[in-house]
Amino acid sequence: MVVVLSSVVLAAFGATAASATPAAVNPPAPTGTITTASNGTVTLNVTGSWSWPVGNKAGDIKATNAKKCGAYVGVGWGVVWNDANDAGYTLKYGSVAPELVGSTTAVNGNTVDESVHYNAANPCGSFSTSAITGQWTDQHTYANAASVPTSICVVSYALKGTPASKPKHYLVDKNSHNSFHTAVKAGLGASWPTSSACFDPTILKVSPTIVTTATNAQVGSAITDSAALSGTATAVTSNASTVSGTISFKLYGPSDTGCTSTPVFTSTAMPVSGNGTYGPASFVPTQGAGTYRWIATYSGDAADNGATETCGATGETSTVTAAPATTTSNPPTSPSSSTPVVTASTPTPSAPVTAAISGATTVHTGEPWAGSKPFEVALIAFGLSLMGLGLVQRRRLAVRKHADHGAVPGD
């Protein structure tokens, strides 16, 4: 929630420190924000400043730098929210002090809603020779936009002691040292509630919400982002207006995890006319695979604060993945076409594996005795050799016998 600060003079204190009360001052209206939640509740944050004139004249406070509040310890405040559904009040002057009267809070009831708020860390604000000033702030949530009132009033209170020493001074219905009491005594009560001390929430800016949705893609395809804008001024009855401004999208590359470098893409500004979804913005990534981060920003307008997503927020990242691997073949083409044909790659079959024969120690593929044991092979070879020698010897004997008889075998 962003609260815009402005100076609001709420009260001045009288001449004598012992009996001075805040003077009736019609200050400029405070500033702040209105936020509408998803469940329809409306929260107002308001802020302003109070001021006591310093000096010896009537209406001044006798203060010094050493004792900057004089005889007082500080200034408090109460806000009349006029909420009939939640301790809502109307401003009413009693015989002693104003009462914040609500439909669900008893008159003069000692409840937290009737407590005087104050800055415990610095109740007397800042001192100067002309004035003592301080900041006040408050918050209230309404059930819905229709229950936000058209008038909210701020009352300032002089605190003469601490909560322990002066507990009644910290209750709006007990502390008579306040700006409203002084105004009524001065005969200004009729005009005071309608003065700028009471303000219409329409002066407060609305704080809309922006929620985005990003898409994923493969390298070479576009990623997108869309933004849903809600809670603009048109959603608050008492602050209805024509919503304007623009929404723009920025995209940051995979290496820029903090979105601090120059965006790889910035969309054109898209005009806004109210609550709704804007976009999508589209971009084809140029930095390869990875996580890309979007940031969508609403510019705001006269009645609406700007809104933006944070870097890496939910719905603001796009994951880009690599495309599946493919191979390209270029067979002969006809004269009318030279477009390469893309085919899916297929695995190359492996060479057949020859299993060893049971009992063999060595495999000689292709040999007739593959798988035999070496000893058996040698034995067979030796036998064959003996048979060959026998045949040779028998041939020699036959030749010699025929020679002895004068004839050659085979003639």
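Use the structure listed above.
Residues numbered from 1 in each chain as written. Predicted model: local features only at pLDDT ≥ 70, side-chain atom pairs only at ≥ 80, totals over all residues. Heavy atoms only, no water.

Enquirer: Give me the lowdown on the sheet that holds strand E14 (residues 209-214), citing residues and values where you can.
Expert: What the three strands build is an open sheet, ordered E14-E16-E20; its pairing is antiparallel. Among the strands making up the open sheet, the edge pair consists of E14 and strand E20 (276-283). Adjacent strand axes in the sheet meet at a mean angle of 20° when their direction is disregarded. (Pairing = 2+ DSSP bridges. Helix = DSSP H or I, 4+ residues; strand = E, 2+ residues; numbered from the N terminus. Axes fitted to C-alpha atoms, helices over the stretch in contact; angles between N-to-C directions.)

Enquirer: Talk me through the sheet that holds strand E10 (residues 131-142); I want residue IDs and the actual numbers.
Expert: Strand order across the open sheet formed by five strands is E9-E10-E4-E3-E13, with mixed pairing between neighbours. Unpaired on one side and paired on the other, strand E9 (126-127) and strand E13 (205-206) mark the two borders of the sheet. Bridging between E9 and E10 involves two bridges; their strand directions are antiparallel. By the bridge assignment, phenylalanine 127 is partnered in E10 with isoleucine 132.

Enquirer: With reference to specific residues and values, describe the pairing of strand E16 (residues 223-230).
Expert: Within a regular strand, the side chains alternate between the two sheet faces. Counting buried positions over the eight residues of E16 gives six, a clear majority of the element. Note that E14 and E16 share six bridges and pair antiparallel. Bridge pairing links threonine 213 to serine 226 in E16. Pairing between E16 and E20: six bridges, direction antiparallel. Bridging from a neighbouring strand, alanine 227 pairs with tyrosine 278 of E20. (Buried < 20%, exposed > 50% of the residue type's maximum accessible area, 1.4 Å probe, protein only.)

Enquirer: Before we move on, can you summarise the nonpolar core with the specific residues and values?
Expert: What tends to happen in soluble globular proteins is that the nonpolar side chains get buried as a cluster. Core analysis: the biggest nonpolar cluster contains 29 residues, and Leu44, Trp52 and Ile132 have the highest contact counts within it. For this core, the elements supplying multiple residues, two or more each, are strand E4 (42-53), strand E5 (74-80), E10 and strand E11 (152-159). Apart from the residues within four sequence positions on either side, leucine 44 is in contact with Thr33, Ile34, Trp81, Asp138, Gln139, His140, Tyr142, Val148, Ile152, Pro201 and Leu204. Within the second largest apolar cluster, 22 residues are counted, among which are Ile210, Phe265, Ala296 and Ala307. (Core = buried A, V, L, I, M, F, W, Y, C linked by side-chain atoms within 4.5 Å. Contact = heavy atoms within 4.5 Å.)

Enquirer: How would you sum up the packing of aromatic side chains? Please name residues and give values.
Expert: Per the stated rule, a full pass over the model turns up three aromatic pairs. When the centroid spacing of 6.2 Å and the interplanar angle of 85° are considered together, the rings of phenylalanine 265 and tryptophan 294 count as edge-to-face. On the criterion of sequence distance, the pair formed by phenylalanine 265 in strand E18 (residues 265-266) and tryptophan 294 in strand E21 (residues 290-298) is long-range, its members being 29 residues apart. The buried category is assigned to phenylalanine 265, whose relative accessible area is 18%. (Phe/Tyr/Trp six-rings, centres within 6.5 Å; stacked < 30°, edge-to-face > 60°.)

Enquirer: Now, about the state of the cysteines: what can you tell me, with residues and values included?
Expert: One pass over the full model with this rule turns up two disulfides. Bridging cysteine 69 to cysteine 124, the disulfide has an S-S length of 1.3 Å. Between cysteine 69 and cysteine 124 the disulfide shows an S-S torsion of about 115°. By sign, it is right-handed. Of this pair, cysteine 69 sits in the loop between E4 and E5 while cysteine 124 sits in the loop between strand E8 (117-118) and E9, and the two are 55 residues apart along the sequence. With relative accessibility at 4%, the residue cysteine 69 sits in the buried group. Take cysteine 124: its relative accessible area is 5%, and that puts it in the buried class. Cysteine 259 shares a disulfide with cysteine 311; S-S distance 2.0 Å. Here the S-S torsion is close to 70°, and the disulfide linking cysteine 259 with cysteine 311 is therefore right-handed. (Disulfide = S-S within 2.5 Å.)

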